[in-house]
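# Observations on the model geometry
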Amino acid sequence: MATVYLCIGTQKTGTTMLQAFMRNNPEALAEQGYCYPDMGPELSGKLYKNRNAHFLLRPGLDVEKSKRQMEMGYHIVEKAAKEYPYIVLSDEIIWYNCRIKPNFWEDILSDFGKINCKVKVVVYLRRQDDLVLSLWNQKVKGRTEISKDFKQWLGEDMDHFPLDYYEHLKFIESKVGRENLLVRVYENGQFEGEEKTLLSDYLKTIGVVFNDKFDVEDEVKNEGLTNNFVEIRRILNSITGHEEMSEFFRQAVLNANQCQKELYPEEKTSIFSYEDRVAFLKPFEESSKKTAEEFLGRSDGVLFRKPVLNLPAWNPDSSAIYRDIVAYMIEIFCLQKNQIDQLKNELHDLKKEVRSMKNGMVFRGYQKIRGALKKDQEQTAN
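Cut-off values and rules
- Residues numbered from 1 in each chain as written.
- Predicted model: local features only at pLDDT ≥ 70, side-chain atom pairs only at ≥ 80, totals over all residues.
- Heavy atoms only, no water.
- Buried < 20%, exposed > 50% of the residue type's maximum accessible area, 1.4 Å probe, protein only.
- Helix = DSSP H or I, 4+ residues; strand = E, 2+ residues; numbered from the N terminus.
- Pairing = 2+ DSSP bridges.
- 1 Å grid on protein atoms, 1.4 Å probe; cavity = no way out; pocket = protein on both sides within 12 Å on 5 of 7 lines; lining within 4 Å.
- Points joined across faces, edges and corners; volume = space filled by probe spheres on them.
- Nonpolar A, V, L, I, M, F, W, Y, C, P; charged D, E, K, R; others polar.
- Arc of directions from axis to C-beta.
- Contact = heavy atoms within 4.5 Å.

Both faces of the sheet carry side chains from a regular strand, because those side chains alternate between them. Among the nine residues that make up strand 4 (residues 117-125), eight are buried, leaving the element largely enclosed by the rest of the structure. In this sheet, strand 4 lies alongside strand 1 (residues 2-7) in parallel orientation, the contact comprising six bridges. Bridged to Leu6 within strand 4 is Val121. Pairing geometry for strand 4 and strand 5 (residues 181-185), over five bridges, is parallel. From the neighbouring strand, Leu125 faces strand 5, where its bridge partner is Val185.

With that settled, the discussion passes to empty space enclosed by the protein. In this approach, a probe sized like a water molecule rolls over the atoms, and the result shows the empty space that is left. Under the defined criterion, the tally for this structure stands at one cavity of 30 Å³ or more. By volume, the largest cavity amounts to about 70 Å³. Lining the largest cavity are Cys7, Ile8, Gly9, Thr15, Leu18, Gln19, Met22, Ser90, Val122, Tyr124 and Tyr202. Looking at the lining of the largest cavity, the elements that each hand over two or more residues are helix 1 (15-23) and strand 4. Broken down by element, the residue count for the lining of the largest cavity peaks at four residues, all from helix 1. A breakdown of the residues in the lining of the largest cavity according to their chemical character gives seven nonpolar, four polar and no charged.

Taken together, the buried positions of helix 6 (residues 104-114) are occupied by Phe104, Trp105, Ile108 and Phe112. Relative to the axis of helix 6, the buried residues are bounded by an arc of 85° and lie together on one face. Its buried side turned inward, helix 6 meets strand 1, helix 4 (63-81), strand 3 (86-90), helix 5 (94-97), strand 4 and helix 9 (165-176). Within two residues after helix 6, Asn116 carries a phi angle of roughly 65°, on the positive side.

Purely geometric stuff here, so don't read any function into it on its own.
Laid out in structure tokens, this is it:
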């Protein structure tokens, strides 16, 4: 029986980097009996090709299509399980969606059992104040409909997201069993493995031994926007009519953000004040204590060890924002120019192909047939 390590997030715990690492190292993983199956764009999505567990969450509006995609996903896993003793699947959306989709755990445990696989669930927990701030940044960056400021978004849109970790873990535990639930903490200073990094911790958790056969040069990180650029993007999101160009604008803001961050490093500030953070974390203290005690075996009940930093509040600096707006616009122009140049090259190639056709035998034959048809039409008309 093969073991499926199902990595369910949470979001903003380095999942993008970990998924890319796994997908980029199939040979090194295979040598240790591990497989990170490639599900293809139909099952993983065009934008999230590395999230190979996404087929488990297929929407149910088109019942037949969803059923077919689920069957395709399980077939790929079943085929891999006949060759490899360990299969790794990952999608951070499972952390909160597993409770929205009825009978999620019951169904997947049954379905994996049918293909002779047992399931172990891996989850990383990030301190709730850091998590929600990073989530808001991500939402503004990637979704055109998010135009609320942080406080408004936090007060209105976070009810569905499980931040009571103990309660949610107990729910998952009741479905998969304590022995099949591997809980880790996303925090510098708490990572295990030889390098004491997130990657080394992750590999140790699933039983992979890192060696020089693994390639870490192409790590993909899902970095957040600096305060200036998240504000620029948030304002842009409030303007209707640009939804179809969302990915174009998103790439431009990412490019400008990276460039300006290197040229003008931001002072460490926060839009989530120290007082608000402390008040926000207060209701989760007991939950975090129980999580540390029961799921990590910590007698001190400490889940997160990093102190809450008392950072100065971020206030918009008009001159810096003007500078970053200009950088953003230049990135847009550069992307447009690249697209125009690409289209020009394609047009040039097409024209060249047409000219070669005109000089070729096929085209001359077509001209003779066309001339004969025209002559026949003229004779018929007369």
